[in-house]
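# Inside the fold
What follows is the residue order along each chain.
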Amino acid sequence: MGAFAQLVQSVRNEQWSAPTPCAEWDVRALVNHVVGEERWTVPLMAGRTIADVGTAFDGDLLGDDPARTALIAAADAQLAAGTDVRTVHLSYGDESTDEYLRQLVADHLIHTWDLAAAVGADRSLDAELVAEVTLWFAERAELYRSAGMVGDPLPSSADPADALLAAFGRDPSWSPALDLVNRFGAAFDRCDLDAVLALVTPGCVFESTSPAPDGQRFEGADAVRAEWRKLFENTVEPRFETEETIVAGDRAVVRWHYSWRAETGGRGHVRGVDVMRLRDGKIAEKLSYVKG
């Protein structure tokens, strides 16, 4: 709890709306979730029930000073965690205090990594905690997944921390830049022009794959919108599938497979790459190349 609260102190003003590995939460929502857990810890460790507390901790808990709120919530929860109580009354029924505190440890450990990844802080996790949470979660993973509390597991790793993150449905290589490129690719595959344009800069540059050999260059969001609108509207059942993404600083390379329904009834396709430049959380340049 203390480590998470200290990390909150490093969040810059412009980062509160930044994406996190929890796709449905930005940084503020993530911190609000953890602070909410800590606020709940105090009455639960005092023997109160969910009904007793009611809606007291619903909605925004951070106010105008999220960093100070996080420190206070963590300190109060840590004090409450030392209370000599054997049973807590959770939403699914009575539970041993030991199990409840292990749930809190696991949630704080994973969300500390989430927050560090989102704001560009040190992502390293305490090895002893990783080992303890790994043993604890191994017996509960299927229950958590069936309840929709964690995502599907990703391919594991030899690194204990990365393996634990993967078990919780996290990609250890996640970054805001990688998330941006992935969201852009998903919007392109949906042919969602508004969503695509929301992820590019006003002065974005797009270089198409045709006409050969150099393609055509489009500058500015209006010109790019018009070109992509033609692509989406003039192609029957287009699919844009990402095969591999590599992000390095403000540059990204995406290997893709583009297919469409051909007049013969089958599907035609080409394979190629995009070379991208990223700026201020958006895509500033998309240079496309295909296998000739």
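Just so you know, the residues in each chain are numbered from 1, in the order the chain's sequence is written. With the structure being a predicted model, the display of local features is reserved for residues of pLDDT at least 70 and the display and counting of side-chain atom pairs for 80 or more, all residues being used for whole-chain, interface and lining totals. In computing side-chain properties, one takes all heavy atoms of the structure into account and sets aside hydrogens as well as water.

What follows is about the UniProt feature "domain: Mycothiol-dependent maleylpyruvate isomerase metal-binding" (unreviewed entry) in the chain. In this numbering, the UniProt entry assigns the feature "domain: Mycothiol-dependent maleylpyruvate isomerase metal-binding" (unreviewed entry) to residues 3–116. Strands are runs of DSSP state E lasting at least two residues, helices are runs of H or I lasting at least four, and both sets are numbered from the N terminus onward. Structurally, residues 3–116 is divided into 56% helix and 7% strand, and its ends, taken at the C-alpha atoms, are 11 Å apart. UniProt positions are given in the numbering used here, feature names are shortened, and annotations may be inferred rather than shown by experiment.

As a further point, take the domain arrangement of the chain. Here the bounds of each domain stem from an automatic or database domain assignment. The assigned domain composition of the chain is domain 1 (1–124) and domain 2 (176–290). On a C-alpha basis, the centres of domain 1 and domain 2 stand 39 Å from each other.

Now for the packing of aromatic side chains. Under the pairing criterion, centres of Phe, Tyr and Trp rings, with the six-membered ring standing for Trp, must be within 6.5 Å; the plane angle then separates stacked pairs below 30 degrees from edge-to-face pairs above 60, leaving the rest tilted. Summed over the entire model, instances satisfying the criterion amount to 15 aromatic pairs. Judged by centre distance (5.2 Å) and plane angle (85°), the ring pair of Phe188 and Trp228 falls under edge-to-face. One end of the pair, Phe188, is in helix α9 (residues 176–189); the other, Trp228, is in helix α11 (residues 221–233), and 40 residues separate them in sequence. Here's how the labels work: a residue is buried when its accessible area is under 20% of the maximum for its type, exposed when over 50%, partly exposed in between, all with a 1.4 Å probe on protein chains only. Looking at Phe188, the relative accessible area reads 6%, which means it is buried.

A few words now on the sheet that holds strand β6 (residues 251–261). Two strands are said to pair when DSSP picks up at least two bridges between them. The strand order across the open sheet formed by six strands is β4-β3-β8-β7-β6-β5, and the pairing between neighbours is mixed. With one partner strand each, in any of the chains shown, β4 (217–219) and β5 (239–248) form the two edges of the open sheet. Taken pair by pair, the neighbouring strands of this sheet meet at an average axis angle of 15°, ignoring direction. Contacts are assigned to residue pairs with any non-hydrogen atoms lying within 4.5 Å of each other. For every element, the axis is a line fit to its C-alpha atoms; helices are fit only across the contacting stretch, and the angle between N-to-C directions ranges from 0 to 180 degrees. α9 rests against β3 (200–207), β5, β6, β7 (267–279) and β8 (282–290) of the sheet, and its axis sits at about 170° to β5.

This part takes up the state of the cysteines. Pairs of cysteine sulfur atoms within 2.5 Å are identified as disulfides in what follows. On inspection of all chains with the given rule, the structure shows zero disulfides. Considering cysteine sulfurs only, Cys204 is the nearest to Cys191, which forms no disulfide, with 17 Å between them. Judged by relative accessible area, which is 25%, Cys191 ranks as partly exposed.

Residue position: Glu99 is located in helix α5 (residues 97–119). Residue classification places Glu99 among the buried positions, given a relative accessible area of 12%. Put simply, Glu99 and Ala75 are 24 residues apart on the chain and 20 Å apart in space, counted from C-alpha to C-alpha. Apart from the residues lying within four places of it in its own chain, the contact partners of Glu99 are Trp136 and Arg140. Any pair of N or O atoms that falls within 3.5 Å is considered a polar contact. Within protein, one atom must be able to donate a hydrogen and the other to accept it, and sequence-neighbouring residues count only if both atoms are side-chain atoms. Engagement of the side chain of Glu99 in a polar contact is seen with the side chain of Trp136, the distance being 3.2 Å.

Relative to the helices and strands, Gln103 resides in helix α5. Apart from the residues lying within four places of it in its own chain, the contact partners of Gln103 are Leu90, Tyr92, Glu95, Trp136 and Tyr144.

Time to look at the packing of α5 against helix α6 (residues 127–138). In the contact formed by α5 and α6, the axes pass within 10 Å of each other and the chain directions differ by 120°. The orientation of α5 relative to α6 falls into the category oblique. Relative to α6, the crossing made by α5 is left-handed. Residues Glu99, Arg102, Gln103, Val105, Ala106 and Leu109 of α5 form the contact with α6, whose own contacting residues are Leu129, Val130, Glu132, Val133 and Trp136. Angles below 35 degrees are treated as roughly parallel, those above 145 as roughly antiparallel, those between 65 and 115 as roughly perpendicular, and all remaining angles as oblique. Rotating anticlockwise by less than a right angle from the far helix to the near helix defines a left-handed crossing, while the corresponding clockwise rotation defines a right-handed one.

Here, the term nonpolar core denotes a set of buried Ala, Val, Leu, Ile, Met, Phe, Trp, Tyr and Cys residues that are joined through side-chain atoms within 4.5 Å. Counting 31 residues, the largest nonpolar core has Val8, Val27, Val31, Val35, Tyr100 and Leu115 as its most contacted members. For this core, the secondary-structure elements that each account for two or more residues are α1 (2–8), α2 (27–44), α4 (66–81), β1 (87–90) and α5. Element by element, the count of residues in this core is highest for α2, at seven residues. The contact partners of Tyr100, leaving out residues within four places of it in the chain, are Glu37, Trp40, Thr41, Leu44, Met45, Val88, Leu90 and Glu95. Listed in part, the 25 residues of the second largest apolar core include Val200, Phe206, Ala252 and Ile283.

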